[in-house]
Amino acid sequence: MTQEFSAILIEWQKRHGRRDLPWQISNDPYAIWVSEIMLQQTQVVTVIPYYERFLSAFPNLEALASASLDDVLSLWSGLGYYSRARNLHKAAKMLSNLGKFPDSPEALSGLPGIGRSTAAAIAAFAFSRRAAILDGNVKRVFARFFGIEGHPGEKGVENRMWEKAESLLPESEIGCYTQALMDLGAGLCSRRNPDCAKCPLNSGCIARLSGRVHELPQPAPKKALPLRETTFLVLAREGRLLFERRPGKGIWAELLCFPELAQGQDLSVFDPSNTECLPSFTHAFTHFRLKIEAVLIETGKHREGIWLSMEEALASPIPNPVRKILGRIRQPFP
DNA sequence: GTCCGGGATA
DNA sequence: TATCCCGGAC
């Protein structure tokens, strides 16, 4: 049974799995590492252009280790979860001093940004090490195939799934097997539209056999997201816009952002020659939603901060809402 | 517009 | 446990 599970997946992967992704063309552990970090919490189609740009700018470990954090964050701009970029940069410096890329899951998981599952994926793809992954897609496959009740966020459920993951590992072709699990979870065994007819595991899938495919995995209880509001001040002067560096902790840490209007603060302190309200929109985070108002302020008054041209701003480490607002400002602005 | 999927860290 | 982002489906 255990043998069969992996054998079926390996066979399926050879026929139907993806083998042409940019990071699959080599066994370069550096390239695989970068791809696995980008793929955390992020879909393949989103990652591909970022991965291409990143590898062009930093083709190897030394290039990344010697880069500035700002350059790394700039190439990460828009991808989200910026601590991934900071951890990647930090780990590159550590690895550069080490001189050798670790090849065991244990050593890899000691690096910043690499947890148990990511360590296993890198070890399997780059070094053919026999190690179990357990990402969100794989959890869904397991919940359905084994009919595991409870949502995967629960500790007990997750522990059971790790045990399954370890016990199902094949003796060989670990890379092929690992990719198969990922592809199956991301493709056929999707949350909303599972294509059970095409699934190589359908004959043994408990959810399928008991008609509970759409009930498993059980979703986590949902929390109502609080709504916060902010007003971005887009100060324009002599063809440049004013930015501030975000604090080192919290949302968008260390990225560049527009100054925010303080509570009760009046726009007149900026001595505006002209103001224009830009359309507001809502940006979603994990734990709250942020309603963003933006006001374009033409000012003659100098103010401390980082003044950038539009071109410079677009090449800077900025979060997506800032990029969105920049796209709405017609040029030239004063 | 709203909802949902997707790992690591302190 | 709470915190950290965005794109795509609907």
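Only a predicted model underlies this, so the values are computations on that prediction, with no experimental measurement involved.

Overview of the protein's contact with DNA strand B
Right, on to step 1. Around DNA strand B there are 18 residues in total, and Gln-41, Gly-113, Thr-118, Gly-136 and Asn-137 lie nearest to it.
Right, on to step 2. Of everything in DNA strand B that lies within 4 Å of the protein, sugar and phosphate atoms constitute 67%.
Right, on to step 3. One nitrogen or oxygen atom from the main chain of Gly-113 is found 2.4 Å from a phosphate oxygen belonging to DNA strand B.
Right, on to step 4. A total of three residues in the surface near DNA strand B trace back to one element, the largest contributor, which is helix α9 (residues 136-145).
Right, on to step 5. Of the residues contributing to the surface near DNA strand B, the split by class is four nonpolar, eight polar and six charged.

With respect to the protein's contact with DNA strand C
Right, on to step 1. The environment of DNA strand C is made up of 19 residues, and the closest members are Tyr-82, Gly-250, Trp-252, His-283 and Asn-320.
Right, on to step 2. What you see for DNA strand C is that sugar and phosphate hold 62% of its atoms within 4 Å of the protein.
Right, on to step 3. Contact between DNA strand C and Gly-78: a sugar or linking oxygen at 3.2 Å from a main-chain N or O atom of the residue.
Right, on to step 4. The contact in question runs from a phosphate oxygen of DNA strand C to an N or O atom on the side chain of Asn-320, over 2.7 Å.
Right, on to step 5. Of all elements in the fold, only β4 (272-284) and α14 (320-328) reach the threshold of two or more residues within the surface near DNA strand C.

What to know about the environment of Arg-237
Right, on to step 1. Mapping Arg-237 onto the fold places it in strand β1 (residues 227-237).
Right, on to step 2. Expressed as a C-alpha distance, the spacing of Arg-237 and Ala-120, which sit 117 residues apart in the sequence, is 51 Å.
Right, on to step 3. Once residues within four sequence positions are removed from consideration, Arg-237 is found in contact with Thr-299, Gly-300, Lys-301, His-302, Trp-307 and Pro-334.

Quick notes on the side chain of Ser-309
Right, on to step 1. Tracing the sequence through the fold places Ser-309 in the loop between β6 (306-308) and α13 (310-314).
Right, on to step 2. Here Ser-309 is in contact with Gly-239 and Arg-240, once residues within four sequence places are set aside.

A look at the pairing of strand β2 (residues 240-245)
Right, on to step 1. Of the strand pairs in this sheet, β1 and β2 are connected by two bridges, and their pairing is antiparallel. From the neighbouring strand, Ala-236 faces β2, where its bridge partner is Leu-241.
Right, on to step 2. Bridge count between β2 and β6: three bridges; the pairing is antiparallel. What sits directly across from Phe-243, in β6, is Ile-306.

What about the packing of aromatic side chains?
Right, on to step 1. Applying the stated criterion across every chain yields a total of 15 aromatic pairs.
Right, on to step 2. Considering the side-chain rings of Trp-23 and Tyr-51, the 5.2 Å spacing of their centres and the 75° angle between planes classify their relative orientation as edge-to-face. Here Trp-23, found in the loop between α1 (2-16) and α2 (29-38), pairs with Tyr-51, found in helix α3 (residues 44-57); they are 28 residues apart in sequence, far enough to count as distant.
Right, on to step 3. Overall, the relative accessible area of 7% leaves Trp-23 in the buried class.
Right, on to step 4. Aromatic ring contacts, followed pair by pair, group Phe-5, Phe-142, Phe-145 and Phe-146 into a single cluster.
Right, on to step 5. The ring of Phe-146 is capped by Lys-164, whose NZ or CZ atom sits 4.3 Å from the centre of that ring.

Thresholds applied
Residues numbered from 1 in each chain as written. Chains lettered and ligands numbered in written order. Predicted model: local features only at pLDDT ≥ 70, side-chain atom pairs only at ≥ 80, totals over all residues. Heavy atoms only, no water. Near = heavy atom within 4 Å. Polar contact = N/O pair within 3.5 Å; in protein donor to acceptor, adjacent residues only side chain to side chain. Helix = DSSP H or I, 4+ residues; strand = E, 2+ residues; numbered from the N terminus. Nonpolar A, V, L, I, M, F, W, Y, C, P; charged D, E, K, R; others polar. Contact = heavy atoms within 4.5 Å. Pairing = 2+ DSSP bridges. Phe/Tyr/Trp six-rings, centres within 6.5 Å; stacked < 30°, edge-to-face > 60°. Buried < 20%, exposed > 50% of the residue type's maximum accessible area, 1.4 Å probe, protein only. Lys NZ or Arg CZ within 6 Å of the ring centre and 35° of its normal.

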